[in-house]
Amino acid sequence: MKKVKKVPQRKCVGCNERRDKGDLYRVVKTPDGEVVLDKTGKAAGRGAYICRGGIKCLALARRAHRLESNLDTAIPEAVYAALESEMAADD
Ligand SMILES: [Zn+2]
């Protein structure tokens, strides 16, 4: 019997579209309360998802404060800047 492999899907906090997990970055709030880009998708902590190469999605999420509400934490300007440059570096 052939097994259909189901790819887990997650919703981007920017554009609100559902995508395969592999097409999204995970932004995670670590147990220390730090907000970082989790490229492995395996870091411990509360996570939110955002499209790969999704600088626009990051801007949208920022405007709507969706990362803050998803991760239940305040996100300072410096953290957004770091996320943005990490995402840009990956393109
Ligand atoms: Zn998106």
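If you're wondering where the values come from, they're calculated on a predicted model, not measured in any experiment. (Residues numbered from 1 in each chain as written. Predicted model: local features only at pLDDT ≥ 70, side-chain atom pairs only at ≥ 80, totals over all residues. Heavy atoms only, no water.)

Draft legend 1. Broad picture of the overall build of the protein chain. For the protein chain, the count of helices and strands is three helices and five strands. Taken over C-alpha atoms, the radius of gyration comes to 13 Å for the protein chain, in line with the 12 Å a tight globule of 91 residues would show. Judged by the C-alpha coordinates and their principal axes, the protein chain covers about 50 × 25 × 25 Å. Residues counted as buried form 31% of the 91 residues belonging to the protein chain. The contacts of the protein chain with a sequence gap of at least 6 include a subset with a gap of at least 24, amounting to 48%. Of the roughly 6,000 Å² that the protein chain leaves accessible, carbon and sulfur atoms contribute 50%. (Helix = DSSP H or I, 4+ residues; strand = E, 2+ residues; numbered from the N terminus. Rg over C-alpha atoms; globule rule 2.2 N^0.38 Å. Buried < 20%, exposed > 50% of the residue type's maximum accessible area, 1.4 Å probe, protein only. Contact = heavy atoms within 4.5 Å. Areas by Shrake-Rupley, 256 points an atom, 1.4 Å probe, with all protein chains shown as cover.)

Draft legend 2. How the structure looks around the coordination of the zinc ion. Looking at the zinc ion, one finds its protein donor set to be Cys 12 (SG), Cys 15 (SG), Cys 51 (SG) and Cys 57 (SG), positioned 2.2 to 2.3 Å from the metal centre. Here the zinc ion is ringed by four donor atoms whose angles at the metal span 105 to 114°, and the overall shape comes out tetrahedral. (Donors = N, O, S within 2.8 Å, 3.2 Å for Na, K, Ca; no water. Tetrahedral: all angles 85-135°; square planar, octahedral: opposite > 155°, others 65-115°.)

Draft legend 3. Broad picture of the pattern of salt bridges. A full pass over the atoms with the stated rule returns three salt bridges. With a shortest N-O distance of 2.8 Å, Arg 26 and Asp 38 are connected by a salt bridge. Separated by twelve residues along the polypeptide, Arg 26 in strand E3 (residues 24-29) and Asp 38 in strand E4 (residues 35-38) bring together distant segments of the chain. We classify Arg 26 as buried; its relative accessible area is 10%. Overall, Asp 38 belongs to the buried group, its relative accessible area being 6%. As a salt-bridge pair, Glu 86 and Lys 39 come within 3.7 Å of each other at their nearest N and O atoms. Linking Glu 86 in helix H3 (residues 77-90) with Lys 39 in the loop between E4 and strand E5 (46-51), this pair joins segments that are 47 residues apart in sequence. On the basis of relative accessibility, which here comes to 32%, the residue Glu 86 falls in the partly exposed class. (Salt bridge = Lys/Arg side-chain N within 4 Å of Asp/Glu carboxyl O.)

Draft legend 4. Structural context of the packing of helix H1 (residues 55-63) against H3. Here H1 crosses H3 at 160°, and the two axes come no closer than 10 Å. Relative to H3, H1 is oriented roughly antiparallel. Crossing of H1 over H3 shows right-handed handedness. Residue-level inspection shows Ile 55, Leu 58 and Arg 62 of H1 in contact with H3, the latter providing Glu 77, Tyr 80, Leu 83, Glu 84, Met 87 and Ala 88. (Axes fitted to C-alpha atoms, helices over the stretch in contact; angles between N-to-C directions. Parallel < 35°, antiparallel > 145°, perpendicular 65-115°, else oblique. Left-handed = near helix turned anticlockwise from the far one by under 90°.)

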